[in-house]
Amino acid sequence: MTRAQPTGTAHLRAMPLPSLAKFRGRDWVTDQDYSRDELLELIHLAVVLKDLWARKRVTAFLPGRHLGMIFEDPSTRTRVSFETGMTELGGHAVYLRPGEMHLPARESIADTARVLSRFFDAIEARTHKVSALRELAAFATVPVINGEAGDYDHPIQSVTDALTILEYGGRIEGETMAFIGNGDCMCNSVVMTFTRLGMNVNCAVPPHFPLRDEIRAIAEENCSRWGTRLLVTEDPVEAVADADYVYTSLWWWEDPPEYVAEIRRKNRALQVNEELWERTKPGARFMHCLPAVRGDEVTDGIIDGPMSMVWDMAENRKHFQKAVVLALVGIEELPSDPDLQPIGRALLS
Ligand code: CP
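Each chain carries its own residue numbering, running from 1 in the written order of its sequence. With pLDDT at 70 or above as the cut-off, local features in this predicted model cover only qualifying residues; side-chain atom pairs require 80 or more to be listed or tallied, and sums for whole chains, interfaces and linings still use all residues. The side-chain figures draw on all heavy atoms in the structure; neither hydrogens nor water molecules are used.

**Q** I would appreciate a short explanation of the site of the ligand in the present structure.
**A** We call a residue near a given molecule or strand whenever any one of its heavy atoms falls within 4 Å of it. All residues adjacent to the ligand are Ser75, Thr76, Arg77, Thr78, Arg126, His154, Gln157, Cys289, Leu290 and Arg317. Accessible surface is estimated by sampling points in the Shrake-Rupley manner with a 1.4 Å probe; for residues, cover comes only from the protein chains shown. Coverage of the ligand by the protein chains reaches 97% of its 260 Å² of free accessible surface. Cavity: a set of points on a 1 Å grid over the protein atoms alone where a 1.4 Å probe fits but cannot get out. Pocket: an open set with protein on both sides within 12 Å along at least five of seven lines, its lining residues, like those of a cavity, having an atom within 4 Å of a point. Assignment of a molecule to a cavity or pocket requires that more than half of its atoms lie within 2 Å of the corresponding grid points. Because more than half of its atoms lie within 2 Å of the grid, the ligand is assigned to the largest pocket. The residue makeup of the shell around the ligand includes at least three contributed by each of domain 1 (7-153 + 316-331) and domain 2 (155-312). Domain ranges listed in this record stem from an automatic or a database domain assignment.

**Q** For this particular structure, what's the right way to read the pairing of strand E8 (residues 245-248)?
**A** The side chains of a regular strand alternate between both faces of the sheet. The classification of residues rests on relative accessible area computed with a 1.4 Å probe and restricted to protein chains. Under 20% of the type maximum is buried, over 50% is exposed, and intermediate values are partly exposed. Helix numbering and strand numbering both begin at the N terminus, where a helix is a DSSP run of H or I of at least 4 residues and a strand a DSSP run of E of at least 2. Residue alternation in E8 divides its side chains into two sets, Tyr245 and Tyr247 and Val246 and Thr248, and both sets are buried. Between any two strands, at least two bridges found by DSSP are needed for them to pair. Sheet analysis places E8 next to strand E9 (residues 285-288), joined by four bridges and oriented parallel. Pairing of Thr248 across the sheet is with His288, part of E9.

**Q** Could you clarify how one ought to interpret helix H4 (residues 109-116) in this entry?
**A** Given 3.6 residues to a turn, an α-helix orients residues that are three or four positions apart in the same direction. Of all the positions in H4, only Ala110, Thr112, Ala113 and Leu116 are classed as buried. In a view along the axis of H4, the buried residues occupy a sector of 165°, so they form one face of it. Contacts: residue pairs with any heavy atoms within 4.5 Å of one another. Close packing links the buried residues of H4 with strand E1 (66-71), strand E2 (92-96), strand E3 (122-127) and helix H5 (130-139). As used here, the arc belongs to the directions running from the helix axis to the C-beta atoms.

**Q** Any chance you could explain empty space enclosed by the protein here in plain terms?
**A** Grid points are joined across faces, edges and corners, and a volume is the space filled by probe spheres set on the points. Evaluated as defined, the whole model comprises two cavities of 30 Å³ or more. By volume, the largest cavity is sized at about 50 Å³. Contributing to the lining of the largest cavity are Ile70, Glu72, Leu103, Ile109, Ala125, Thr127, Ala132 and Leu136. Those elements that provide at least two residues to the lining of the largest cavity are E3 and H5. Here the lining of the largest cavity is built from residues that sort into six nonpolar, one polar and one charged. Polarity classes work like this: nonpolar for Ala, Val, Leu, Ile, Met, Phe, Trp, Tyr, Cys and Pro, charged for Asp, Glu, Lys and Arg, and polar for all others, with Gly in that last group.

**Q** Can you walk me through the domain arrangement of the protein chain in this structure?
**A** Interfaces are often described in size by the accessible area the parts lose on coming together. If you check the domain split of the protein chain, you get domain 1 (7-153 + 316-331) and domain 2 (155-312). One C-alpha centre belongs to domain 1, the other to domain 2, and the line joining them spans 24 Å. If you look at the interface, domain 1 gives 36 residues, while domain 2 gives 33 residues. Summed over both partners, the accessible area lost on bringing two parts together, with a 1.4 Å probe, is the buried area. Here domain 1 meets domain 2 over a buried area of about 2,900 Å², counting both sides, of which 60% is carbon and sulfur. Three residues, Gln32, Arg36 and Tyr152, lead the burial of domain 1 against domain 2; their summed loss comes to 26% of the area buried on that side. A pairing counts as a salt bridge when a side-chain nitrogen of Lys or Arg comes within 4 Å of a carboxyl oxygen of Asp or Glu. Arg36 is the partner of Glu173 in a salt bridge, and the nearest nitrogen-oxygen pair spans 2.4 Å.

**Q** Looking at this structure, how should I read unusual backbone geometry?
**A** Trans is the prevailing form of peptide bonds, just as negative phi is the prevailing case for residues other than glycine. A cis amide bond, omega 0°, links Leu103 with the succeeding residue Pro104. Along the chain, Pro104 turns up in the loop between E2 and H4. The step from Leu290 to Pro291 runs through a cis peptide bond, and the omega angle for that step is 5°. Despite not being glycine, Glu148 has its phi angle at roughly 125°, a positive value. Along the polypeptide, Glu148 turns up in strand E4 (residues 144-149).

**Q** Quick question: what am I supposed to make of the environment of His319 here?
**A** Along the chain, His319 falls in helix H13 (residues 310-329). The buried category is assigned to His319, whose relative accessible area is 0%. His319 sits 280 residues away from Leu39 along the chain, and the two C-alpha atoms are 14 Å apart. Non-local contacts of His319, meaning those with residues more than four positions away in its chain, are made with Ala46, Leu49, Lys50 and Trp53.

**Q** Before we go on, may I ask you to explain the side chain of His44 in this structure?
**A** Looking at the element boundaries, His44 is found in helix H2 (residues 36-54). At 2.8 Å, the side chain of His44 forms a polar contact with the backbone oxygen of Leu12. When residues no more than four places from it in sequence are discounted, the contact partners of His44 are Leu12, Met15, Pro16, Leu17 and Pro18. N or O atoms closer than or at 3.5 Å make up a polar contact, with two conditions inside protein: a donor-capable atom paired with an acceptor-capable one, and, for residues adjacent in sequence, both atoms drawn from side chains.

**Q** Got a minute to help me understand the nonpolar core in this structure?
**A** Residues belong to a common nonpolar core when they are buried Ala, Val, Leu, Ile, Met, Phe, Trp, Tyr or Cys residues joined through side-chain atoms within 4.5 Å. In terms of nonpolar packing, the biggest core is built from 89 residues, with Trp28, Phe61, Met177, Phe320 and Ile343 touching the most fellow members. Taken domain by domain, this core gets at least three of its residues from each of domain 1 (7-153 + 316-331) and domain 2 (155-312). If near-sequence neighbours (up to four positions away) are discounted, Phe61 is found in contact with Leu49, Leu89, Leu326, Ile331, Pro335, Leu340, Ile343, Gly344 and Leu347. In terms of nonpolar packing, the next biggest core, distinct from the first, is built from 21 residues, Ala178, Ala243, Trp251 and Leu276 among them.

**Q** Got a minute to help me understand the sheet that holds E3 in this structure?
**A** Across a sheet, strands are paired by hydrogen bonds formed along the backbone, either parallel or antiparallel in direction. Strand order in this open sheet of four strands is E2-E1-E3-E4, and the pairing throughout is parallel. Both edges of this open sheet fall to E2 and E4, since each of them pairs with a single strand only. Geometrically, the sheet is characterised by an average inter-axis angle of 15° between neighbouring strands, direction not taken into account. Of the strand pairs in this sheet, E1 and E2 are connected by five bridges, and their pairing is parallel. In the sheet register, Ile70 faces E2, and the bridge partner there is Leu96. Contacts from helix H3 (residues 77-88) reach E1, E2, E3 and E4, with the element oriented near 175° to E1. Angles shown run from 0 to 180 degrees and are taken between the N-to-C directions of axes, each axis being a line fitted to C-alpha atoms and, for helices, limited to the stretch in contact.

Here's what the structure looks like:
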């Protein structure tokens, strides 16, 4: 049985794909290296791949190709979506954890990058520091894809979220996003990605975890380009008042119990709950990158409510990441399956 596809992306399914050969060989260390049009072109490819998947078509564009996946931090969605996505593309993925490989004790990032480039056609990496990701990309000779840089950004998540917004609302540009939570890597990506894609962003962050000046500067440059607005406040009610989408993320990660108790106390007013939801616009949607700690940053009534998009956001990770891996790795020849040829022609042109 095929699955009905979202009406919000019907226009993209009906349109021919743009030329995609320009993506081949590039890194995805930050989405800010990609223009707004390029991000939308990758979303378009994801929509077409998702449609093929929904119609149960085999999309083996990358037989004999390999994706390395380095995870310094745990993951459910990122690991599973890259691995299943690579399998659906006809390729193979290898999960690598520091401690189970020589990185970082006996082998440098640079040497690891040189060696892995001899085996893999692309390398996905989740690192604690963005500096490690940038170093990996500098020494790898195959595309490096950011699977989250803990101290900086999570762009594969936030651009996937733009696909989900398009599915629900049919448009991205001109919409308003509210982010409620710490000024952490997810906040940074929401602010940078959505301002780049032409949305207004309202960011409610606490004084003990503010939005970083460098992120604000990037977002303000994006806003001046598109005539949109970045609002930074400590007041979640102000942030959600005119928002079409309300986004939150984890307050703590692998932190000691004392930190968790303190951040729960300090962030109490930032919880996305029924009381805050009464202050949102009618029809506003709830977003969370997951995992969620129910009762901390969000209540059950919101994450499980009709306003929640979170399970579609999780599923779309696979569809968007397949688009990124396929566009960055590229293909050598037109597939023989006529259903795959529109994508094949776009990748080769
Ligand atoms: N949202 C996200 O990246 O989830 P994981 O940490 O499970 O990969």
